Number of protein chains: 2
Amino acid sequence: MLEQMAAGWRHVFKLDPNRRLSDLSLEKVCQSGTDAIIVGGTDGITFEDIWKLQKRLRKYLLPCVLEVSDINAIVPGFDGYLIPSVLNTDQARWIHGAHLKAIQRYGCGIPWKQLLLLGYVILNPESKVSRLTEANAGLDEEAAASYACLVEHLFKWPVLYVEYSGKFGDENMVRAIRRQLKKTRLFYGGGITTRRQAETMAKWADTVVVGNLVYTNVEKAVQTVSWVKETNLQEKG
Amino acid sequence: MLEQMAAGWRHVFKLDPNRRLSDLSLEKVCQSGTDAIIVGGTDGITFEDIWKLQKRLRKYLLPCVLEVSDINAIVPGFDGYLIPSVLNTDQARWIHGAHLKAIQRYGCGIPWKQLLLLGYVILNPESKVSRLTEANAGLDEEAAASYACLVEHLFKWPVLYVEYSGKFGDENMVRAIRRQLKKTRLFYGGGITTRRQAETMAKWADTVVVGNLVYTNVEKAVQTVSWVKETNLQEKG
């Protein structure tokens, strides 16, 4: 089951099928010691680009999962599928609307055990994903913590994903969210470019996601693996 | 924990604090052999009315839970609290918006283990609750089944509540929903007035909720307990 697999992820890379990455860079990423590769992005995601990237990733033994963002770009053959549900939006289609359409299209063919639901809280109002999903991204700590509480205690979902998408996040905010979580796993993604930043978020997030840095400085991106893995996660709850 | 308690409910009565019920009728309801009393309604729900009804119910040993519909009318002292989340609406405030406000108001004081989340699918477009929540109540069987699939496999919530609110439901629809459920418990509510109706829904729903009939014909309402309990639930999944 994907949920059990993800419970062991401390560091993951997120690769965007719409961005170019040389074979050498891809090799470095895949041999970095990271726990898994997430394939996913917001813009211009096509079946063909995902399929091509998947083929290149298949050379390595690393678990590869697809974060599904478009019902028309679900490529078979991944080790699992991450299903985002944006929580801080007023638009039900980003909470469950697209999911219902996918269920109606694929029905019983969906391999449920290969799916992992991610409850997203998007905290960078300037990001594309925030504009796309009409997210209420300007939350204060208390409001952000209430989402964590909802996911942990009422929805009882396996993962809360704090998404700063391209911008490094506010440590106090991430800590406030983390304080509400016991069983729910915390993913953090956004703007990690330095050792200090990697260590900061690795204190509070179970899983640290590194994306952009792969495309701007692959050597440093590879270093984030040990920066994260050598940091002790703070006690939960 | 309320979830374990509710797993034993085959028949429950739903009492509306905004409707009158004589002491004698209340006694008949509470001594009917039903498994629990849900206090809840849509219209004119006040703290005081709930509190008064609770006081009257306290004479009996039956488990009494409050279905929370208004953040200003949460009366302490119930055996548990049902938290509805309407799924077939485009309005996020009925999915989780009011819940987030309640979390911000009550924060850590919330007794989470006494709460049970109910994923609602409202199927009577004429009902007050449907208009209030702007529900997309005119679903066909396939669409309704997709909500069941979402709740069972992706959200993994404990209960799906099929609400026909005052109108007796379509057996084919309820059966189509039930087919998608294994772990998620199915509650059915709406318009049961005859033995045949009680038996029909008791075949598909784990828990049958009887409400209006208490106010229109309490003798018959009491009979629904044995009608439901003597019906065999069809095998799941």
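The name an unreviewed UniProt entry assigns to chain A is Heptaprenylglyceryl phosphate synthase, from the organism Thermoactinomyces mirandus. Of the comments in the UniProt record for chain A, the one headed Subunit (unreviewed entry) reads "Homodimer." Among the UniProt annotations of chain A, the heading Catalytic activity (unreviewed entry) holds the following wording: "sn-glycerol 1-phosphate + all-trans-heptaprenyl diphosphate = 3-heptaprenyl-sn-glycero-1-phosphate + diphosphate".

Novice: Break down the sheet that holds strand S4 (residues 80-86) of chain A for me, with residues and values.
Specialist: All names here are of chain A. The eight strands lie next to each other as S1-S2-S3-S4-S5-S6-S7-S8, forming a closed barrel whose pairing is parallel. Within the sheet, the average angular offset between the axes of one strand and its neighbour, ignoring direction, is 30 degrees. Bridge count between strand S3 (residues 64-67) and S4: three bridges; the pairing is parallel. Bridging from a neighbouring strand, Val65 pairs with Gly80 of S4. Lying on the sheet, helix H3 (residues 47-57) is in contact with strand S1 (11-15), strand S2 (36-39) and S3; it crosses S2 at an angle near 165 degrees.

Novice: How would you summarise helix H6 (residues 141-155) of chain A if you had to cite specific residues and measurements?
Specialist: Residues and elements named next belong to chain A. Helix length check: H6, at 15 residues, gives a terminal C-alpha distance of 20 Å against a target of 21 Å (1.5 Å per residue), a fit within 8%. Most of H6 sits out of view: twelve of its 15 residues are buried. Among the residues of H6, Ala143, Ala144, Ala145, Ser146, Tyr147, Ala148, Cys149, Leu150, Val151, Glu152, Leu154 and Phe155 are the ones counted as buried. Following H6 by one or two positions, Lys156 adopts a phi angle in the positive range, close to 55 degrees.

Novice: Explain the sheet that holds strand S7 (residues 185-189) of chain B to me, using residue names and the numbers behind them.
Specialist: Residues and elements named next belong to chain B. Strand order around the closed barrel formed by eight strands is S1-S2-S3-S4-S5-S6-S7-S8, with parallel pairing between neighbours. Going across the sheet, the axis of each strand differs from the next one's by a mean of 30 degrees, ignoring polarity. One ladder, built from three bridges, connects strand S1 (residues 11-15) with strand S8 (residues 207-210); its direction is parallel. Each residue of the ladder has a partner; that of Val12, found in S8, is Val209. Against the sheet, helix H3 (residues 47-57) makes contact with S1, strand S2 (36-39) and strand S3 (64-67), and its axis sits at roughly 165 degrees relative to S2, the strand it touches most.

Novice: Pulling in residues and values, what's your account of the relation of the copies chain A and chain B?
Specialist: The transformation that overlays chain A on chain B combines an axial shift of 0.0 Å with a rotation of 180 degrees, and the residual RMSD is 0.0 Å. Expressed as an axis order, the relation between the two copies is that of a two-fold axis. Identified as the residue of chain A closest to the rotation axis by C-alpha distance is A:Ala92, at 2.7 Å. Taken together, the interface assignments show that 100% of the residues at the interface of chain A recur at the interface of chain B, consistent with an identical surface on both copies.

Novice: Lay out a positive patch on the surface in plain terms, naming residues and giving numbers.
Specialist: Positive charge collects at one region of the surface, where A:Lys113, B:Lys156, B:Lys182 and B:Lys183 lie side by side. Along the chain, B:Lys182 falls in the loop between helix H7 (171-178) and S7. Overall, the relative accessible area of 57% leaves B:Lys182 in the exposed class.

Novice: If you had to explain the side chain of A:Glu163 to someone new, which residues and values would you point to?
Specialist: Along the chain, the position of A:Glu163 falls in strand S6 (residues 159-163). Apart from residues lying up to four places away in sequence, A:Glu163 is in contact with A:Lys14, A:Tyr120, A:Val121, A:Ile122, A:Leu123, A:Asn124, A:Val129, A:Gly189 and A:Gly190.

Novice: Explain the interface of chain A and chain B to me, using residue names and the numbers behind them.
Specialist: Taken together, the contact between chain A and chain B spans 27 residues of the former and 27 residues of the latter. Of the roughly 2,600 Å² buried between chain A and chain B, counting both surfaces, carbon and sulfur atoms make up 70%. At the level of elements, helix H4 (92-106), strand S5 (115-122) and H6 of chain A are the ones that each hand at least two residues to the side of chain A that touches chain B. Ranked by residue count, the leading element in the side of chain A that touches chain B is H6(A), at nine residues.

Novice: Which residues make up the UniProt feature "binding site: Mg(2+)" (unreviewed entry) in chain A, and what values go with them?
Specialist: All names here are of chain A. Sites flagged by UniProt as "binding site: Mg(2+)" (unreviewed entry) map to Asp16 and Thr42. The greatest C-alpha distance among the residues just named is 8.4 Å, despite their covering 27 residues of sequence, which places them together in space. For Asp16, the location among the structural elements is in the loop between S1 and helix H2 (23-30). Classification of Asp16 by relative accessible area gives buried; the value is 16%. Those residues in contact with Asp16 that sit more than four places away from it in its chain are Gly40, Gly41, Ile45, Leu53 and Tyr215. Of the polar contacts made by the side chain of Asp16, one reaches the backbone nitrogen of Asn18; its length is 2.9 Å. If you trace the backbone, Thr42 turns up in the loop between S2 and H3. Accessibility expressed as a relative area gives 37% for Thr42, which makes it partly exposed.

Novice: Just give me the short version of the packing of helix H2 (residues 23-30) of chain B against helix H10 (residues 218-229) of chain B, but keep the residues and values in it.
Specialist: Residues and elements named next belong to chain B. Between H2 and H10, whose axes approach to 9 Å, the crossing angle comes to 10 degrees. One finds that H2 runs roughly parallel with respect to H10. Together, Ser25, Lys28 and Val29 of H2 and Val218, Glu219 and Val222 of H10 make up the contact between the two elements. For the contact of H2 with H10, the per-class residue count stands at three nonpolar, one polar and two charged.

Novice: Any chance you could break down the UniProt feature "binding site: sn-glycerol 1-phosphate" (unreviewed entry) in chain A for me, citing the residues and the numbers?
Specialist: Residues and elements named next belong to chain A. As recorded in UniProt, the feature "binding site: sn-glycerol 1-phosphate" (unreviewed entry) lies at Lys14, Tyr161, Val162, Glu163, Tyr164, Ser165, Gly166, Gly191, Gly211 and Asn212. Note that Tyr161 resides in strand S6. Within the structure, the side chain of Tyr161 is placed 3.1 Å from the side chain of Lys14, a separation counted as a polar contact. Here Gly191 is to be found in the loop between strand S7 (185-189) and helix H8 (195-204). With residues up to four places along the chain from it excluded, the contact list for Gly191 reads Gly166, Lys167, Phe168 and Gln197.

Novice: Run through H2(B), naming residues and quoting values.
Specialist: All names here are of chain B. By the burial criterion, the buried members of H2 are Ser25, Leu26, Val29 and Cys30. End-on, the buried residues of H2 take up no more than an arc of 130 degrees, which puts them together on one face. Among the exposed residues of H2, those pointing more than 90 degrees away from its buried face are Asp23 and Leu24. At its buried positions, H2 is contacted by S1, S2, H3, helix H9 (213-216) and H10.

Parameters and conventions
- Residues numbered from 1 in each chain as written.
- Chains lettered and ligands numbered in written order.
- Predicted model: local features only at pLDDT ≥ 70, side-chain atom pairs only at ≥ 80, totals over all residues.
- Heavy atoms only, no water.
- UniProt positions renumbered as here; feature names shortened; annotations may be inferred.
- Pairing = 2+ DSSP bridges.
- Helix = DSSP H or I, 4+ residues; strand = E, 2+ residues; numbered from the N terminus.
- Axes fitted to C-alpha atoms, helices over the stretch in contact; angles between N-to-C directions.
- Contact = heavy atoms within 4.5 Å.
- Expected span 1.5 Å × (residues − 1).
- Buried < 20%, exposed > 50% of the residue type's maximum accessible area, 1.4 Å probe, protein only.
- Least-squares fit on C-alpha atoms with pLDDT ≥ 70 in both.
- Patch = residues over 30% accessible without salt bridge, like charges linked within 9 Å, V, L, I, M, F, W, Y side chains within 5 Å.
- Areas by Shrake-Rupley, 256 points an atom, 1.4 Å probe, with all protein chains shown as cover.
- Salt bridge = Lys/Arg side-chain N within 4 Å of Asp/Glu carboxyl O.
- Lys, Arg positive; Asp, Glu negative; His and termini not counted.
- Charge placed at Lys NZ, Arg CZ, Asp CG, Glu CD.
- Buried area = accessible area lost by both parts, 1.4 Å probe.
- Polar contact = N/O pair within 3.5 Å; in protein donor to acceptor, adjacent residues only side chain to side chain.
- Parallel < 35°, antiparallel > 145°, perpendicular 65-115°, else oblique.
- Nonpolar A, V, L, I, M, F, W, Y, C, P; charged D, E, K, R; others polar.
- Arc of directions from axis to C-beta.

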